[in-house]
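# Examination of the molecular architecture
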Amino acid sequence: MPEMTLVEAVNLALARAMEDDSDVVVLGEDVGINGGVFRATVGLQTRFGPERVLDTPLAELLISGLCVGMAAQGLKPVGEIQFMGFLYPCIDQLVNHASRFRNRTQGRLTCPMVLRTPHGAGIRAPEHHSESTEAMLAHIPGLRVVIPSSPERAYGLLLAAIRDPDPVVFLEPTRIYRAAKGEVEDNGEALPLDVAFVLREGRDVTLISWGAMLKETMAAADALAADGVAAEVIDLATLKPYDEATVLGSVAKTGRCVIVHEATRTGGFGAEIAALIAERALTSLLAPVARVTGYDTIVPMARLEQHMMPSVDRIVTAARKACQFS
Amino acid sequence: MASKKMADGGLPVIARFEVRHRNYLAPDGSINRPLPAFASDANLVTALYRAMLLLRNFDRKAVALQRTGRLGTYAVSLGQEAVSVGVASAMREEDVLLPSYRDNGALIWRGVKLEEILLFWGGDERGNQFSGPVQDFPFCVPVGSQAPHAAGVAYAFKLRKQPRVAVCMFGDGATSKGDVYEAMNFAGVHKLPVVFVATNNQWAISVPLRLQTGCETLAQKAVAAGFIGEQVDGSDVVAMRAAAEDAIAAAREGRGPRFIEAVTYRLGDHTTSDDALRYRSADEVQARWKEEPIARLRNYLVSQKMWSKAEEERLAAECHERVEAAVERYLATEPRRPETMFDHLYAELPETYAAQRRQLAGEGDA
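Keep in mind it's a predicted model, so treat the numbers as computed, not measured.

### Points about the overall build of chain A
Secondary structure summary: chain A contains twelve helices and 14 strands in total. Radius of gyration (C-alpha) of chain A: 19 Å, near the 20 Å computed for a compact globule of 326 residues. Seen along its three principal axes, the alpha-carbon backbone of chain A occupies a region of about 60 × 40 × 40 Å. In chain A, which comprises 326 residues, the proportion classed as buried is 60%. Long-range pairs, those at least 24 residues apart, make up 80% of the contacts in chain A between residues at least 6 apart in sequence.

### Describing the domain arrangement of chain A
All names here are of chain A. Examined at the domain level, chain A breaks down into domain 1 (3–183) and domain 2 (197–324). Here the C-alpha centre of domain 2 lies 26 Å away from the C-alpha centre of domain 1. Facing the 26 residues of domain 1 at the interface are 21 residues of domain 2. Among the elements of the structure, α6 (134–138), β6 (144–146), α7 (151–163) and β7 (168–173) are those that each provide at least two residues to the side of domain 1 that touches domain 2. Considered class by class, the residues forming the side of domain 1 that touches domain 2 number twelve nonpolar, seven polar and seven charged.

### Focus: the sheet that holds β7(A)
Residues and elements named next belong to chain A. In spatial order, the strands read β3-β2-β4-β5-β7-β6-β12; together these seven strands make up an open sheet with mixed pairing. The sheet is open, and its two borders are formed by β3 (53–55) and β12 (238–240), each paired with just one other strand. Pairs of neighbouring strands in the sheet enclose a mean axial angle of 20 degrees, with direction left out of account. The pairing of strand β2 (residues 24–28) with β3 spans three bridges and is parallel. When the bridges of β3 are listed, V26 appears paired with V53. Running at roughly 135 degrees to β2, helix α1 (residues 6–20) makes contact with β2, β4 (76–80) and β7 of the sheet.

### Considering the confidence of the model for chain B
Looking at chain B as a whole, the pLDDT averages 96, with 98% of positions reaching at least 70. Reported confidence for the predicted complex is 0.97 by ipTM and 0.97 by pTM.

### A closer look at the packing of helix α2 (residues 81–89) of chain B against helix α8 (residues 237–252) of chain B
Residue and element names in this part refer to chain B. It is at 8 Å that the axes of α2 and α8 come closest, and there the two elements cross at 40 degrees. Handedness of the crossing formed by α2 with α8: right-handed. When α2 is examined against α8, the residues A82, V83, V85, G86, V87 and S89 are found in contact with a partner set consisting of V237, M240, R241 and A244. Residues of the contact of α2 with α8, tallied by class, amount to seven nonpolar, two polar and one charged.

### Looking at helix α11 (residues 309–331) of chain B
Residues and elements named next belong to chain B. Between the first and last C-alpha of α11 there are 33 Å, a value that for 23 residues agrees with the 33 Å anticipated at 1.5 Å per step. Among all positions of α11, only V323, V327 and Y330 are buried. Contact partners of the buried residues in α11: α1 (42–67) and α4 (114–121).

### A short note on the domain arrangement of chain B
Interface size is often expressed as the accessible area that is lost when the parts come together. Each assigned domain of chain B is listed with its residue range as follows: domain 1 (20–335) and domain 2 (338–366). Using only C-alpha atoms to locate each centre, domain 1 of chain B and domain 2 of chain B end up separated by 38 Å.

### Things to note about the interface of chain A and chain B
Each partner contributes residues to the interface: chain A has 33 residues there, and chain B has 32 residues. If you list the elements that add at least two residues to the side of chain A that touches chain B, you get α3 (60–72), α4 (91–96) and α5 (101–104) of chain A. For the side of chain A that touches chain B, the class distribution of residues is 13 nonpolar, twelve polar and eight charged.

### Overview of the pairing of strand β4 (residues 194–200) of chain B
Residue and element names in this part refer to chain B. For β4, the buried fraction is high: seven of the seven residues fall into the buried class. The side-chain alternation of β4 yields two buried faces, one formed by V194, F196, A198 and N200 and the other by V195, V197 and T199. Sheet analysis places strand β3 (residues 166–171) next to β4, joined by six bridges and oriented parallel. The residue of β4 that forms the bridge with M169 is V197. In this view, the connection linking β3 to its parallel neighbour β4 by way of helix α6 (residues 178–190) has right-handed handedness. Bridging between β4 and strand β8 (residues 258–263) involves six bridges; their strand directions are parallel. Its bridge partner lying in β8, A198 is registered against E261.

Rules and cut-offs
Each chain has its residues counted from 1, following the order in which its sequence is written. Labels follow written order: the first chain is A, the first ligand is 1, and so on. The predicted origin of the model limits local features to residues at a pLDDT of at least 70 and limits the giving and counting of side-chain atom pairs to 80 or more, whereas totals for whole chains, interfaces and linings rest on all residues. Only DSSP runs of H or I with at least four residues qualify as helices, and only runs of E with at least two residues qualify as strands; both kinds are numbered from the N terminus onward. In this treatment the radius of gyration is a C-alpha quantity, and the globule benchmark scales as 2.2 Å times the residue count to the 0.38 power. With C-beta atoms placed from the backbone, the exposure class of a residue follows from how many other C-beta atoms lie within 10 Å of its own: 20 or more, buried; 12 or fewer, exposed; in between, partly exposed. Contact criterion: two residues are in contact if their C-beta atoms, reconstructed from the backbone, are within 7 Å. Those domain boundaries reflect an automatic or database domain assignment. Each residue is assigned to one class: nonpolar for Ala, Val, Leu, Ile, Met, Phe, Trp, Tyr, Cys and Pro, charged for Asp, Glu, Lys and Arg, and polar for all the others, Gly among them. By the convention used here, strands pair only if DSSP detects at least 2 bridges between them. Only the stretch in contact is used when fitting a helix axis, every axis being a line fitted to C-alpha atoms; angles between N-to-C directions are given from 0 to 180 degrees. The predictor attaches a confidence to each residue, called pLDDT, with possible values from 0 through 100. In this scheme the crossing of two helices becomes right-handed for a clockwise turn of the near helix relative to the far one and left-handed for an anticlockwise turn of less than a right angle. One fewer than the residue count of a helix, multiplied by 1.5 Å, yields its expected span. Handedness of a crossover is defined as follows: orient the strands so they point away from the viewer, and if the path from the first strand over the helix to the second runs clockwise, the crossover is right-handed.

Okay, here's the thing in structure tokens:
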């Protein structure tokens, strides 16, 4: 199997989906000849033509709204928003239309669309390029919110998102677009949505994360192992709807849980997971659930962004504290 | 040559635009200019008349239902019936309508049942599961947000080489939104088969047109998107149908999008929750009653000997019966069980929400 980066795996999945299904259309700013600002769509226009791989005018609301209209006609549009900070004009379309189209029409019309956007900080990009506001999206009923953490899962989950009959926001971890490498077989096989992946089994503490932050979370698990602490690492992968059973099963086993996300703490998705555990697994807990998150601040520009994001040290410290709690 | 002609400051004029205004029937129903051929087709013109009168009767009944607690907030079409009826009458079954919340005339023309419209305004999503063409869009409440959908639908038609047209309807207020302009701009780029219809009824709830735009016309907004905008007398159903026919034909033939500004007047309140006397005078409204579309067309029909008093009486009775029967069916609609609110959330309900559904159904704890 060829080794590739995460962004190459995204490209491979898009090409595969377009090859397999002529209803798949890719649209966004600079996705054509330029291949997208991160090159996720490189080569697609040459291969599938400008009608199926179209450069839109510079209008994000339009991109999301076009997807809704195309999807209502049975196309499977995959829209690209260049950075998560530019996603916000799409919120009206996601909340008022994409997510409720099936419900509004009681199944008469549906919205099988995907909106892809890079997620997160850490690439020293300009202002507004480093957002991780996934909790906002995960609050929207009727939507799916998916975020891969490796090339293999980027390929399999993006294929699943495109084939899914409902709208999916597909967040791509910018920081590991090229840093994450792995073997991906272009076999056209999707991975399941709504399912968490246990990346590492352990009996002492459960570490839950998603997207790029799994890099630090896995490194923290390594550091803990050196101390004789066996951490179980869960990649949530789908945030909406999320795999409660895997979370609860793991916490029942370990009794300790640390949730790691880059996004700000208050109202972050970690709060939802902590609440679930409090409601459904309180008696399993041997220590309070801990959250290691971005601070409750605006994501700083390049010079300070590293200080906002959870570090391996912060994760290890939180996990140790949970293990030592009595 | 125009390009040689110097404008102020000695700079050449490099672009000019014109906006046409279309009208055939004067407010009293007399004929202003040569009529399109269909205007002598008694079957067709009386069908337009019937549709407008049915809509007015239906609106009156809907307001009565709202006032007596049997319907939620409702938006009447009073005064602007010619727009939605005229436009829909020019569409084909396979075209796709993307309506606002005040285009009942178009929905009814396209086969949506009166009781389905009542069901929607009565607070039941099943009203949007309607009997109109299956790909027509539901009522769009967030103003103008359906315009990008129309561009997307039209893009799908073009991609699949289908000779179909998307028809997107909204009000004057919507033309102030980026949604509408973004959609028009994209439609212009790709010469998409889409027709945008702005019903300019002068009022966006309480905000008059002069606070909505500094333009002389809304039609000229199409110029900025690279296609033709036409202003039409929206209280003249003959003009509305003719303009819509031309625009839809052009779109279908691959000549790109069109924009129609239908100039009319909202004689009623914005909705049953509104009191228009708070922001406009009764005198203003009274004066505009002289232009309203139904009396105008009736005068035309009578003058052309296409319509008689007996037919008018028969139609009044028919409308009454049809509306009453629809109201009966609406009121007799079996309520949905509460847990069905989950049934169309996703194609397949994820287990975590299935547990909530069971709780709502009284089948256990979530």
